[in-house]
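Listed here are the chains, written in short residue letters.
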Amino acid sequence: WDYAVTHNLFQVKQCAAEYLRDVLPAPRRSEAAQRLLGVDAIFVVHFAALKERRGFVEGKLREMGLAADVSWVTYDQVGTMSRAERCCLFPCGHPFDADDNNATKAISVSHLWIYFQMQEQKLERVLVLEDDPDFLPHIPFVSSVARIAAEVP
């Protein structure tokens with residue numbers, strides 16, 4: 001996906017682009033994330049009702065000096081999507097369209113939105129976290145992510 005996005009191979013239909021452009025606020029480009037991690041932006045895919053998860057992640061990112069630079073992806077409009085909008089984002093008949101689980105759909109649209117924004121905002125490297133990461137005390141998060149980001153072509 002990352003290669004496809006950064007090399008403009010990721011394309012969506014015009015109706016999907018219009019939907020994705022308007023569904024959430026544009027992401028933040030992050031100077032701190034660039035300086036500390038070697039990425040252009042940080043995204044956290046989050047279900048808004050799970051406030052304790054957001055509090056935990058914000059606390060950990062605050063400790064690292066990154067909390068202010070996060071784009072929280074809290075897409076929760078799946079229940080209001082029309083069939084035409086769903087079929088525009090994913091082909092009709094795709095498992096996404098048949099799946100009754102709105103959480104699965106919200107996560108799918110959230111990630112699709114991130115890929116779309118990477119292309120729209122010309123973000124080459126981003127860090128995408130779910131809202132329930134394990135920050136392990138024996139693994140230094142910032143230096144580990146920076147090392148990995150530096151190795152990615």
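Small disclaimer: the values here were computed from a predicted structure and weren't measured.

It is worth spelling out the side chain of Arg 86 at this point. Tracing the sequence through the fold places Arg 86 in helix α5 (residues 83-89). By relative accessible area, which is 16% here, Arg 86 ends up buried. In terms of polar contacts, Arg 86 uses its side chain to reach the backbone carbonyl oxygen of Met 81, at 3.3 Å.

Pairing is parallel in the open sheet, where 3 strands are placed in the order β2-β1-β3. At either margin of the open sheet sits one strand with a lone partner, and together these are β2 (70-73) and β3 (126-130). Put simply, the sheet's adjacent strands are angled 20 degrees from each other on average, direction ignored. One ladder, built from 4 bridges, connects strand β1 (residues 41-45) with β2; its direction is parallel. Of the residues in β2, the one forming a bridge with Phe 43 is Ser 71. Contacting β1 and β2, helix α4 (residues 51-63) crosses the sheet at an angle of about 165 degrees to β2.

The subject of this paragraph is the nonpolar core. The biggest cluster of nonpolar side chains holds 26 residues, and the ones touching the most others in it are Leu 20, Phe 43, Tyr 75, Leu 89 and Trp 113. Contributing elements (two or more residues each) for this core: α2 (14-23), β1, α5 and α7 (102-120). Element by element, the count of residues in this core is highest for α7, at 8 residues.

Here is the idea: a disulfide is a covalent bond, and it sits between the sulfur atoms of two cysteines. Enumeration according to the criterion identifies 1 disulfide in this entry. Through a disulfide, Cys 15 is tied to Cys 88; the S-S separation comes to 1.7 Å. The disulfide joining Cys 15 to Cys 88 has a torsion of about 105 degrees about its S-S bond and is therefore right-handed. Of this pair, Cys 15 sits in helix α2 while Cys 88 sits in helix α5, and the two are 73 residues apart along the sequence. What makes Cys 15 partly exposed here is its relative accessible area of 38%. Residue class for Cys 88 comes out buried when judged on its relative accessible area of 8%.

Here we take up the pattern of salt bridges. Summed over the entire model, instances satisfying the criterion amount to 5 salt bridges. One salt bridge connects Arg 21 with Glu 120, and the closest N-O pair in it is separated by 3.1 Å. Of this pair, Arg 21 sits in helix α2 while Glu 120 sits in helix α7, and the two are 99 residues apart along the sequence. Under the relative-accessibility criterion, Arg 21 is labelled partly exposed at 39%. Of the residues examined, Glu 120 reaches a relative accessible area of 37% and is grouped as partly exposed. Residues Arg 53 and Asp 131 are paired through a salt bridge, measuring 2.9 Å at the closest nitrogen-oxygen approach. You can see Arg 53 sitting in helix α4 and its partner Asp 131 sitting in the loop between β3 and α8 (141-151), a full 78 residues away along the chain. Assessed through its relative accessible area of 5%, Asp 131 is described here as buried.

Rules and cut-offs
Residues numbered from 1 in each chain as written. Predicted model: local features only at pLDDT ≥ 70, side-chain atom pairs only at ≥ 80, totals over all residues. Heavy atoms only, no water. Helix = DSSP H or I, 4+ residues; strand = E, 2+ residues; numbered from the N terminus. Buried < 20%, exposed > 50% of the residue type's maximum accessible area, 1.4 Å probe, protein only. Polar contact = N/O pair within 3.5 Å; in protein donor to acceptor, adjacent residues only side chain to side chain. Pairing = 2+ DSSP bridges. Axes fitted to C-alpha atoms, helices over the stretch in contact; angles between N-to-C directions. Contact = heavy atoms within 4.5 Å. Core = buried A, V, L, I, M, F, W, Y, C linked by side-chain atoms within 4.5 Å. Disulfide = S-S within 2.5 Å. Salt bridge = Lys/Arg side-chain N within 4 Å of Asp/Glu carboxyl O.

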